[in-house]
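# Report on the structure
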Amino acid sequence: AQSVTQLDSHVSVSEGTPVLLRCNYSSSYSPSLFWYVQHPNKGLQLLLKYTSAATLVKGINGFEAEFKKSETSFHLTKPSAHMSDAAEYFCVVSLPNAGKSTFGDGTTLTVKP
Amino acid sequence: GAVVSQHPSWVICKSGTSVKIECRSLDFQATTMFWYRQFPKQSLMLMATSNEGSKATYEQGVEKDKFLINHASLTLSTLTVTSAHPEDSSFYICSAREGTLTYNEQFFGPGTRLTVL
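We now turn to the structure provided with this report. (Residues numbered from 1 in each chain as written. Chains lettered and ligands numbered in written order. Predicted model: local features only at pLDDT ≥ 70, side-chain atom pairs only at ≥ 80, totals over all residues. Heavy atoms only, no water.)

## Overview of the overall build of chain B
When its secondary structure is counted, chain B shows zero helices and eleven strands. When the elements of chain B are put in sequence order from the N terminus, they spell out β-β-β-β-β-β-β-β-β-β-β. A globule of 117 residues ought to have a C-alpha radius of gyration of about 13 Å, and chain B, at 13 Å, matches this closely. Taken along its principal axes, the extent of the C-alpha atoms in chain B is 40 × 25 × 25 Å. The proportion of buried residues among the 117 residues of chain B is 50%. Counted over contacts in chain B with a minimum sequence separation of 6, partners at least 24 positions apart contribute 55%. Looking at chain B as shown, the accessible area adds up to about 5,700 Å², and 53% of this sits on carbon and sulfur atoms. Taking the 10 positively charged and 10 negatively charged side chains of chain B as two groups, their mean positions are separated by 6 Å. (Helix = DSSP H or I, 4+ residues; strand = E, 2+ residues; numbered from the N terminus. Rg over C-alpha atoms; globule rule 2.2 N^0.38 Å. Buried < 20%, exposed > 50% of the residue type's maximum accessible area, 1.4 Å probe, protein only. Contact = heavy atoms within 4.5 Å. Areas by Shrake-Rupley, 256 points an atom, 1.4 Å probe, with all protein chains shown as cover. Lys, Arg positive; Asp, Glu negative; His and termini not counted. Charge placed at Lys NZ, Arg CZ, Asp CG, Glu CD.)

See the structure below:
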């Protein structure tokens, strides 16, 4: 079985300050992990993915995430938040041979001017 | 990157009518397509997984006869909401994955807002 927990339902940061969105996963096998972003009334866009290669993954728009097997975490970070980063973020886990992925409940990121 | 389109982007219909939503992969062949439902301020709820040429696999609690899914080609899947009622109003999102490997990411459509009056 696989599951994913996004530890914060809401995160608020000031523009120019770092962003940290936390994600813990549970899986019996080596998972693939993804972060997606969703702007209001839009579909989801892939930010980055981990697929058993480098544990530090760099994505689009300055985001990156580090896979930590010992902590079963895949936290998303960005050094400096921009107003356009305000959106909903989803952490997703997929297992080999599993037909479907499991989504976290999402984290709403608010960026204050 | 790969593009997935959905049509229509929004639809308003009367209670009791049926609505069809199309999901197309524009520049790749989608072996697997997924249909999700999303309520306001909530995560995506997987409704069904469809593989080209075979019957869709529905998640527990999803009515197969109400939400008809067809994946007739490698670039097109359709979701038909039959005899729609106000409680079916929601944001429906499809996604497509190239091949069968789960480390391939899903490409998401822009979503369809369904309002049933």
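Now that the structure is up, let's keep going.
## Quick look at the overall build of chain A
When you go through chain A residue by residue, the secondary structure sums to zero helices and twelve strands. Listing each helix as α and each strand as β along chain A from the N terminus yields β-β-β-β-β-β-β-β-β-β-β-β. Computed over C-alpha atoms, the radius of gyration of chain A comes to 13 Å, within 12% of the 13 Å expected from 2.2 N^0.38 for 113 residues, which places it in the range of a compact globule. When the backbone C-alpha atoms are referred to their principal axes, chain A occupies close to 45 × 30 × 20 Å. A total of about 5,500 Å² of accessible surface is found on chain A, and carbon and sulfur atoms cover 52% of it. For chain A, the separation between the mean place of its 9 positive charges and that of its 8 negative charges on side chains is 5 Å.

## Re the pairing of strand β8 (residues 64-68) of chain A
A regular strand places its side chains so that they alternate between the two faces of the sheet. All names here are of chain A. A one-sided burial pattern is seen for β8, the buried positions being Ala 65 and Phe 67 and the unburied ones Glu 64, Glu 66 and Lys 68. With three bridges joining them, strand β7 (residues 56-58) and β8 adopt antiparallel strand pairing. Note on β8: the bridge partner recorded for Lys 58 is Glu 64. The antiparallel pairing of β7 with β8 creates a hairpin that spans five residues between the two strands, and Asn 61 there sits at a positive phi of about 55°. With five bridges connecting them, β8 and strand β9 (residues 73-78) associate as antiparallel partners. By the bridge assignment, Glu 64 is partnered in β9 with Thr 77. (Pairing = 2+ DSSP bridges.)

## Examining the interface of chain A and chain B
How big an interface is tends to be expressed through the accessible area that disappears when the partners come together. The partner chain B presents 21 residues to the 23 residues of chain A that form the contact. Across the chain A to chain B interface the summed buried area is about 1,600 Å²; carbon plus sulfur atoms make up 51%. Area buried by chain A at its contact with chain B is led by Leu 44, Lys 100 and Phe 103 of chain A, which between them contribute 28% of it. Remark: the boundary between chain A and chain B carries zero salt bridges. Connecting chain A to chain B are six residue pairs in polar contact (both at pLDDT 80 or more). (Buried area = accessible area lost by both parts, 1.4 Å probe. Salt bridge = Lys/Arg side-chain N within 4 Å of Asp/Glu carboxyl O. Polar contact = N/O pair within 3.5 Å; in protein donor to acceptor, adjacent residues only side chain to side chain.)

## Brief notes about the state of the cysteines
Under the defined criterion, the tally for this structure stands at two disulfides over all chains. The residue that forms a disulfide with Cys 23 of chain A is Cys 91 of chain A, at a sulfur-sulfur distance of 2.0 Å. For the disulfide bridge between Cys 23 of chain A and Cys 91 of chain A, the dihedral angle about the S-S bond is near -70°, and by the sign convention the bridge is left-handed. Separated by 68 residues along the polypeptide, Cys 23 of chain A in strand β4 (residues 23-27) and Cys 91 of chain A in strand β10 (residues 87-94) bring together distant segments of the chain. A residue is classified by how much of its surface remains accessible, and Cys 23 of chain A, at 0% relative accessible area, is buried. For Cys 91 of chain A, a relative accessible area of 0% puts it in the buried group. At a sulfur-sulfur separation of 2.0 Å, the disulfide partner of Cys 23 of chain B is Cys 94 of chain B. Judged by the torsion about the S-S bond (80°), the Cys 23 of chain B/Cys 94 of chain B disulfide is right-handed. With Cys 23 of chain B in strand β3 (residues 19-25) and Cys 94 of chain B in strand β9 (residues 90-98), the pair connects residues that are 71 residues apart, well separated along the chain. For the residue pair Cys 23 of chain B and Cys 94 of chain B, the accessibility class agrees, reading buried in each case. Lacking any disulfide linkage, Cys 13 of chain B is separated from the closest cysteine sulfur, that of Cys 94 of chain B, by 18 Å. (Disulfide = S-S within 2.5 Å.)

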